Amino acid sequence: MNPTTISAFQSLETPFYYYDKALLQSTLRAITDEVSQYDNFHVHYAIKANANPQLLPLIAQEGLGADCVSGGEIQRALDAHFPANQIVFAGVGKTDKEILLALEHDIFSFNVESIPELLVINELAQQVNKIANVCLRINPNVGAHTHTHIVTGLAENKFGIDLSDMLEAIKIAQSLSHIHFKGIHVHIGSQILQMNDYIDQCKSINNMLYWLEQNNIVPEVINVGGGLGIDYQQPERNPIANFKDYFALYAKHLKYKPGQSVHFELGRSIVGQCGALITRVLYVKQNYMHGHVQSSLTTTYPSASITKQFVIVDAGMTELIRPALYQAHHVIVNLTSISPILQTYDVVGPICESSDVFASSIPLPTTQRGDLIAILSAGAYGETMASCYNCRTLPRTYVF
Ligand SMILES: *Cc1c(COP(=O)(O)O)cnc(C)c1O
């Protein structure tokens, strides 16, 4: 982070999210540059990664569509001027009210996750005299190499329609009067860095397409979901994900035909690196790990030998829950210490939960009360997951 940005932080009340507008824009440019090389590729930004009303219009302006998982997200997307006909709507538990909102705006597609949902959408569409565009979300039974909490494509996960029910579900969709069957949707998980996982996904989709073709079904839309990971270890070295290889992989391995469009739903890889959580050090405290030393006689007395140092900051899991929720790693930097001496610290928040820890035993320059700390790569699933636990207020945000 440059000195001008850091000095701008000094006058702002912490904690807050800082979004680097230039980085977001160069990330978007990198995506559109790649996508424009392929006739049929379309990207929908996954709003759940970051729904900040200052960021969404920047993403919409770049020509991306939106991927929503609730009525609230659809409304956010519309407010930010994402075109309704580029909005996809996923989720295992869509309510009637949410379905009606999506019908009212004639969205690009419902990504339908079960046959009962399909029937309800048909019924509601009939009531309001609309035709619902539908892709069926198929569970490919492909396991991505990522944290178990963010794998979505296995049979044991709650998402999607089982592969063995695919044909029946499509036949039902095609038979319903107020459903227009558009295609299939397959999302395998999040923070995926092993490109082989995407090759497996392509193979699995190719099998589906082949099987459908045998049954004279040629989907217009193949939605491959999202999940491209970012470099949480070295964000400053790799601020922009490898979109070139990502899109080229699908162009190479996915057997789509002319006339079929391929849709991507990227969240984290668009906004992850442009956001940092900025927090101030409240206290630095030392705890002694008491070993027990046996004296030569009968008494034991504690020996305060190994110390543990805690940097207690004014942000906590209420602002950024990823470390507490799935042991996520974020690079943490002290923006203001000028000490040349590195010490080992645990960086913790003020929330009354033992899991409210951002990092354990990390090196930082000698840190003191008042220092500004940046928790990097916090643009995705940070602000959107913030809560008011402990009666805290939601984090402020700045974009510049
Ligand atoms: C969360 C989600 C995405 C976006 O995932 P990222 O890892 O942020 O790219 C895409 N599609 C669906 C269906 C999702 O649930």
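Keep in mind that what you see is a predicted model, and the values were worked out from it rather than measured. (Residues numbered from 1 in each chain as written. Predicted model: local features only at pLDDT ≥ 70, side-chain atom pairs only at ≥ 80, totals over all residues. Heavy atoms only, no water.)

**Brief notes about the site of the ligand**
Logical step 1: Of all residues adjacent to the ligand, which total 14 residues, the nearest are Lys48, Ser190, Glu265, Arg268 and Tyr381.
Logical step 2: A distance of 2.8 Å separates an oxygen atom of the ligand from a polar atom in the backbone of Arg268.
Logical step 3: At 2.5 Å, a side-chain N or O of Tyr381 approaches an oxygen atom of the ligand.
Logical step 4: Considered on its own, the ligand offers 380 Å² of accessible surface; in the complex 94% of this is hidden by protein. (Near = heavy atom within 4 Å. Polar contact = N/O pair within 3.5 Å; in protein donor to acceptor, adjacent residues only side chain to side chain. Areas by Shrake-Rupley, 256 points an atom, 1.4 Å probe, with all protein chains shown as cover.)

**Details of helix H2 (residues 21-35)**
An α-helical turn contains 3.6 residues, so a residue and the one three or four places further along point in the same direction.
Logical step 1: For H2, spanning 15 residues, the distance from its first C-alpha to its last is 21 Å, which sits close to the expected 21 Å at 1.5 Å a residue.
Logical step 2: On its buried face, H2 sits against strand E2 (41-46), helix H3 (56-61), helix H9 (243-253) and helix H10 (268-271).
Logical step 3: Structurally, the start of H2 carries an N-cap: the backbone nitrogen of Ala22 is 3.1 Å from a side-chain oxygen of Asp20. (Helix = DSSP H or I, 4+ residues; strand = E, 2+ residues; numbered from the N terminus. Expected span 1.5 Å × (residues − 1). Contact = heavy atoms within 4.5 Å.)

**Regarding the domain arrangement of the protein chain**
Bring the parts together and some accessible area is lost; that lost area is often taken as the interface size.
Logical step 1: Splitting the protein chain by domain gives domain 1 (21-272) and domain 2 (274-399).
Logical step 2: With centres defined by C-alpha atoms, the gap from domain 1 to domain 2 works out at 36 Å.
Logical step 3: Tallying the contact residues gives 23 residues for domain 1 and 20 residues for domain 2.
Logical step 4: For the pair domain 1 and domain 2, the two sides together bury roughly 1,900 Å², of which 55% comes from carbon and sulfur.
Logical step 5: Of all residues in domain 1, the largest losses of buried area upon contact with domain 2 belong to Tyr232, Arg268 and Gly272, amounting jointly to 26% of the total for that side. (Domains from an automatic or database assignment. Buried area = accessible area lost by both parts, 1.4 Å probe.)

**What about the packing of helix H4 (residues 71-79) against helix H5 (residues 96-104)?**
Logical step 1: It is the contact of H4 with H5, at a shortest axis distance of 9 Å, that shows an interaxial angle of 25 degrees. Taken as axis vectors, H4 and H5 run roughly parallel relative to one another. For the pair H4 and H5, the contacting residues are Gly71, Ile74 and Gln75 in the first and Glu98, Leu101 and Ala102 in the second. (Axes fitted to C-alpha atoms, helices over the stretch in contact; angles between N-to-C directions. Parallel < 35°, antiparallel > 145°, perpendicular 65-115°, else oblique.)

**Concerning the state of the cysteines**
Logical step 1: Under the definition given, this model contains zero disulfides.
Logical step 2: Not part of a disulfide, Cys68 finds its nearest cysteine sulfur in Cys135, a span of 14 Å.
Logical step 3: In this structure Cys388 is a free cysteine whose sulfur lies 8.3 Å from that of Cys391, the closest cysteine sulfur available.
Logical step 4: Taking the relative accessible area as the measure of exposure, Cys388 reaches 41% and is therefore partly exposed. (Disulfide = S-S within 2.5 Å. Buried < 20%, exposed > 50% of the residue type's maximum accessible area, 1.4 Å probe, protein only.)

**Brief notes about H5**
Logical step 1: Glu98, Ile99, Leu101, Ala102 and Leu103 are the residues of H5 that are buried.
Logical step 2: Looking at the buried residues of H5, the elements they touch are H4, strand E4 (87-89), strand E5 (109-112), helix H6 (115-127) and strand E6 (132-139).
Logical step 3: Immediately beyond the C-terminal end of H5, within one or two residues, lies Asp106, with a positive phi of roughly 50 degrees.

**Some remarks on the packing of H5 against H6**
Logical step 1: Orientation of H5 relative to H6, taken along the N-to-C sense of each, is 55 degrees, at an axis distance of 10 Å. Between H5 and H6, the angle falls in the class oblique. Crossing handedness for the pair H5 and H6: right-handed. Contacts between H5 and H6 pair Asp96, Ile99, Leu100 and Leu103 from the former with Val120, Ile121, Leu124 and Ala125 from the latter.
Logical step 2: Each residue belonging to the contact of H5 with H6 can be placed in one class, and the counts come to seven nonpolar, no polar and one charged. (Left-handed = near helix turned anticlockwise from the far one by under 90°. Nonpolar A, V, L, I, M, F, W, Y, C, P; charged D, E, K, R; others polar.)

**Quick word on unusual backbone geometry**
Logical step 1: For the peptide bond that leads from Thr14 to Pro15, omega is -5 degrees, which places it in the cis range.
Logical step 2: By secondary structure assignment, the location of Pro15 is in the loop between helix H1 (3-9) and strand E1 (16-19).
Logical step 3: Despite not being glycine, Asn129 has its phi angle at roughly 60 degrees, a positive value.
Logical step 4: Tracing the backbone shows Asn129 in the loop between H6 and E6.

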